[in-house]
Amino acid sequence: MILNTGNRTDIPAFYSDWFYNRIKEGYVLVRNPYYPTQITKYLLKPEVIDVLVFCTKNPIPMLDRLSLLSAFDMFWFVTITPYGKEIEPLVPPKEQVISSFQRLSALVGSNRMSWRYDPIFITEQYSVSYHIEQFHQMAEALSGYTEQCVVSFIDLYEKTKRNFHGIRRVTDSDQETLIAAFSEIAGKNRLQIHLCCENAKLVRENVDADGCMTKEVLEKALGCRLDVPHKKMARQECACLLGADIGAYNTCPHGCLYCYANYDKETVERNQKLHRVSSPLLIGEATADDTIKQAEQKSWKNGQMSIFDFVY
């Protein structure tokens, strides 16, 4: 199975001590965000977890103890954007994140690293030309440290519109201009761009719309086939394997204005006060009113793949 850590919050950046405690204890509890009294228990054992997937804006707190995860296969998505503190208040400077990306790549391998340049939005300050310049600089810095980049344009969720006043959709014309330029830059830096839930009309050389965390992407990273059970996808327009996430919404203190996972700053601060590094749950503790169910877990790995199995 695939265990995700980053669709709801940034565990490496803010909850690494808790995560390493969970690895030591060998299990984690996850509260259902839609039915809060329902809790799922996942065993954190390499026999049943084929890959731990991380998504973070700051992997630094994890790096010095990464050897504690040596029994597991890992895949890392690291978001590096060109925005300032007025947009991403607690995200480290991009130069620092690039350096940590390079260090992490040396530890886990470039084939298990993905750079996320998203979400893209356009303002007077963050213009089309600015994005092209910044993408170029970052791509050159990350060339050889990853083989792929995830790109998406801002989605106007109600939370986003409420917290990011005046934000607008990126026009089709600007999307075309950006992806055309990104395609050329990606080719020069040996990167494959994966569009995240974007119009297939943007597909071109070095750019696909097949998904960023699909069965095929993970198979290539792991070097083996995965027999993924047939089930309804988490998002209809997305083929990525997004289930089994151990995070919790409204818990990420980065404070990014575009965030879809937080309701508001006050809710995040309230939840952070309930965090206990020793608890099996990321936030709070299980109570007598909760129902805890053991997840059905088994390995999906099915044999090694040869270089001829990969399509480039």
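Everything that follows concerns the structure shown earlier in this document.
The residue numbers shown here count from 1 along each chain, following its written sequence. In view of the model being predicted, local features appear only for residues whose pLDDT reaches at least 70, and side-chain atom pairs are presented and counted only at 80 or more, with totals across whole chains, interfaces and linings using the full set of residues. In computing side-chain properties, one takes all heavy atoms of the structure into account and sets aside hydrogens as well as water.

Undergrad: I keep staring at the sheet that holds strand 11 (residues 291-294) and nothing clicks. Help me out?
TA: The rule for pairing is simple: two strands pair if DSSP sees at least two bridges between them. What counts as a helix is a DSSP run of H or I of at least four residues, what counts as a strand is a run of E of at least two, and both are numbered from the N terminus. Read from one edge to the other, the open sheet built from 3 strands follows the order 2-3-11, with strand pairing classed as mixed. Two strands in the sheet have a free side with no partner beyond their single neighbour: strand 2 (27-31) and strand 11. Each strand of the sheet is rotated relative to its neighbour by a mean of 30°, with strand direction disregarded. Note: strand 3 (residues 38-43) against strand 11, 4 bridges, orientation parallel. In the sheet register, lysine 41 faces strand 11, and the bridge partner there is glutamine 294. For helices, the fitted line uses only the C-alpha atoms of the stretch in contact; every axis is such a line through C-alpha atoms, and the angle between N-to-C directions lies from 0 to 180 degrees.

Undergrad: So what exactly am I meant to see when it comes to the packing of helix 4 (residues 94-108) against helix 5 (residues 128-142) here?
TA: The description of two helices packed together rests on the angle between their axes and the distance between the axes. For the pair helix 4 and helix 5, the least separation of the axes is 10 Å and the interaxial angle reads 30°. When the interaxial angle is binned, helix 4 and helix 5 end up roughly parallel. The handedness of the crossing between helix 4 and helix 5 is right-handed. Taken together, the residues of helix 5 that come into contact with helix 4 (itself represented by Lys94, Ile98, Phe101 and Gln102) are Gln134, Met138, Ala141 and Leu142. Residues are grouped as follows: Ala, Val, Leu, Ile, Met, Phe, Trp, Tyr, Cys and Pro are nonpolar; Asp, Glu, Lys and Arg are charged; every other residue, Gly included, is polar. Class assignment for the residues of the contact of helix 4 with helix 5 results in 5 nonpolar, 2 polar and 1 charged. Throughout this description, any angle smaller than 35 degrees is read as roughly parallel, any larger than 145 degrees as roughly antiparallel, any in the 65 to 115 degree range as roughly perpendicular, and the remainder as oblique. In this scheme the crossing of two helices becomes right-handed for a clockwise turn of the near helix relative to the far one and left-handed for an anticlockwise turn of less than a right angle. The contact rule is simple, with two residues in contact once any of their heavy atoms fall within 4.5 Å.

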